[in-house]
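Structural description and commentary
Chain by chain, the residues run as shown.
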Amino acid sequence: MEQQHKRRERYKGTHPRRFQDKYKELDPQKYQSDVEKIIQKGKTPAGMHIPIMVEEILSFLDIRPGQTGFDATLGYGGHSSRMLEKLEGNGHLYATDVDPIESEKTKARLAEKGFGPEILTVCRTNFANVDKVAPPEKFDFLLADLGVSSMQIDNPERGFTFKSDGPLDLRLDPTSGIPASERLRELSKDEIVGMLVENSDEPHAEQIARAIVGTYKKKQKIETTQQLAAIIKSSLSFLPAADRDNEIKKSCQRTFQALRIDVNSEFEVLYEFLEKLPDVMKSGGRIAILTFHSGEDRLVKKAFKQFRRMGLFSEICDDVMRPTPEECFRNSRARSAKLRWAVRA
């Protein structure tokens, strides 16, 4: 029987709306030139993550062959790949990630580059468990990039974005814990206000919390990302028309950030991780941490200063480092990044 010819799927326009339709961007190895054009325009291709402040991080970490290092958040593997290159086949990098979907893809991607188990160990666990991952000889260098990967943000099925409709989930590990839709239903109005203020400095926390609780009182559900976005929009109808759209967008971003932090216990995880840092580093070991909002940065700054006073850190950065304007243009998601570093005494 003659096999029926199947026509190759065509790229659906220059800017397809559905995440699943962006097959060129979702297969960057096959369509490198197309993906590079997207990056040159200052955009992050769907399903990819562009590592931030790579050169600044590598310059500080000063990685040498034979050393042992740790990447707290493997993500797409951009930072890990560059750190592995610096080892030149001699040494070892340990990496953690709680995301069962993306971590396996990244592990396979790095293996294709020649970074197999002889030089790379990937553990699917939270980076708060750094003490359980660390080898007896401890680490020479450590990187923690606390940003959420673009692959997670872009995929509407993960519930991190309100630009496309999807389940209101927001879990970094969708196999553990409860989704944001369930968590939100558990909270009182005052608890929602507290979450929005503490996790994202939301100026309209009172109005948004009142609208969310009011929705539940009407026996209505909030189960998708755009349902929540619509509630935020309706709660801010009092804003001046000239500023309303921009303010609504920012409040949506802040609300989703606050809810993500709460669902994944991100501050608690970071606090536990920071407490363990001195015990997993060799003398002279170098630590670099990338944060993306003020709450994270405050925790890191406070911990670094405390460890220096205790004599556990010999040096810490006096001023936070920021990405260059050129990098921010090339990757808009770098704009809020802050880099702090420390050296173990």
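The rules we used
- Residues numbered from 1 in each chain as written.
- Predicted model: local features only at pLDDT ≥ 70, side-chain atom pairs only at ≥ 80, totals over all residues.
- Heavy atoms only, no water.
- Helix = DSSP H or I, 4+ residues; strand = E, 2+ residues; numbered from the N terminus.
- Buried < 20%, exposed > 50% of the residue type's maximum accessible area, 1.4 Å probe, protein only.
- Contact = heavy atoms within 4.5 Å.
- Areas by Shrake-Rupley, 256 points an atom, 1.4 Å probe, with all protein chains shown as cover.
- Pairing = 2+ DSSP bridges.
- Axes fitted to C-alpha atoms, helices over the stretch in contact; angles between N-to-C directions.
- Parallel < 35°, antiparallel > 145°, perpendicular 65-115°, else oblique.
- Left-handed = near helix turned anticlockwise from the far one by under 90°.
- Nonpolar A, V, L, I, M, F, W, Y, C, P; charged D, E, K, R; others polar.
- Salt bridge = Lys/Arg side-chain N within 4 Å of Asp/Glu carboxyl O.
- Phe/Tyr/Trp six-rings, centres within 6.5 Å; stacked < 30°, edge-to-face > 60°.
- Lys NZ or Arg CZ within 6 Å of the ring centre and 35° of its normal.

**Description of the overall build of the protein chain**
In terms of helices and strands, the protein chain carries 14 helices and 7 strands. In the protein chain, which comprises 345 residues, the proportion classed as buried is 53%. Sequence separation of at least 24 residues holds for 70% of the intrachain contacts in the protein chain that already meet a minimum separation of 6. As presented, the protein chain carries roughly 17,700 Å² of accessible surface, and 47% of it is formed by carbon and sulfur atoms.

**Digging into the sheet that holds strand 3 (residues 120–123)**
Note on sheets: strands pair through backbone hydrogen bonds, and any given pair is parallel or antiparallel. Strand order in the open sheet made by the 7 strands is 3-2-1-4-5-7-6, with mixed pairing throughout. Bordering the open sheet on either side are strand 3 and strand 6 (313–316), each of which pairs with just one other strand. Ignoring strand direction, the axes of neighbouring strands in this sheet form an average angle of 15°. As paired strands, strand 4 (residues 139–145) and strand 5 (residues 281–291) are joined by 6 bridges and run parallel to one another. Within strand 5, the position partnered with Asp145 by the bridge is Leu290. Its contacts with the sheet put helix 12 (residues 266–280) on strand 1 (68–71), strand 4, strand 5, strand 6 and strand 7 (338–344), and the angle it makes with strand 5 is roughly 150°. Contacting strand 5, strand 6 and strand 7, helix 13 (residues 294–309) runs over the sheet at an angle of about 20° to strand 7.

**Examining the environment of Lys113**
You can see Lys113 is positioned in the loop between helix 4 (100–112) and strand 3. Given the relative accessible area of 51%, Lys113 is considered exposed. For the pair Lys113 and Glu85, spaced 28 residues apart in sequence, the C-alpha separation works out to 10.0 Å.

**Notes on the packing of helix 12 against helix 13**
Where helix 12 contacts helix 13, the two axes come as close as 10 Å, and the packing angle between them is 20°. Our classification of the angle between helix 12 and helix 13 gives roughly parallel. Handedness of the crossing formed by helix 12 with helix 13: right-handed. Between helix 12 and helix 13, the residues in contact are Glu266, Phe267, Leu270, Tyr271, Leu274, Glu275, Leu277 and Pro278 and Gly295, Glu296, Leu299, Val300, Ala303, Phe304 and Phe307, respectively. Looking at the contact of helix 12 with helix 13, its residues break down into 11 nonpolar, 1 polar and 3 charged.

**Some words on the environment of Ser314**
The residue Ser314 is located in strand 6 in this model. Put simply, Ser314 and Ala345 are 31 residues apart on the chain and 4.5 Å apart in space, counted from C-alpha to C-alpha. With residues up to four places along the chain from it excluded, the contact list for Ser314 reads Val343, Arg344 and Ala345.

**Regarding the pattern of salt bridges**
Tallied over the full model, the rule gives 17 salt bridges. We note a salt bridge from Lys276 to Asp131, for which the minimum N-O separation is 3.0 Å. Of the two residues, Lys276 sits in helix 12 while Asp131 sits in helix 5 (residues 130–133), which places them 145 residues apart along the sequence. The buried category is assigned to Lys276, whose relative accessible area is 17%. Between Glu186 and Arg183 there is a salt bridge, and its shortest N-O distance comes to 3.2 Å. Taken together, the residues span about one helical turn, with Glu186 and Arg183 both in helix 7 (residues 180–186) at a distance of 3 residues.

**Some points on unusual backbone geometry**
In this structure, Lys219 is a non-glycine residue whose phi angle is positive, near 65°. Locating Lys219 in the fold gives a position in the loop between helix 9 (205–217) and helix 10 (225–235). Judged by relative accessible area, which is 75%, Lys219 ranks as exposed.

**A short note on the packing of aromatic side chains**
Under the criterion given, the structure shown has 7 aromatic pairs. Pairing Phe127 with Phe273 gives two aromatic rings, centres 4.9 Å apart and planes at 90°, and the pair type is edge-to-face. With Phe127 in the loop between strand 3 and helix 5 and Phe273 in helix 12, this residue pair connects regions lying 146 residues apart in the sequence. Here the guanidinium or amino end of Arg109 rests over the ring plane of Tyr76, the centre of that ring lying 3.8 Å away.

Purely geometric stuff here, so don't read any function into it on its own.
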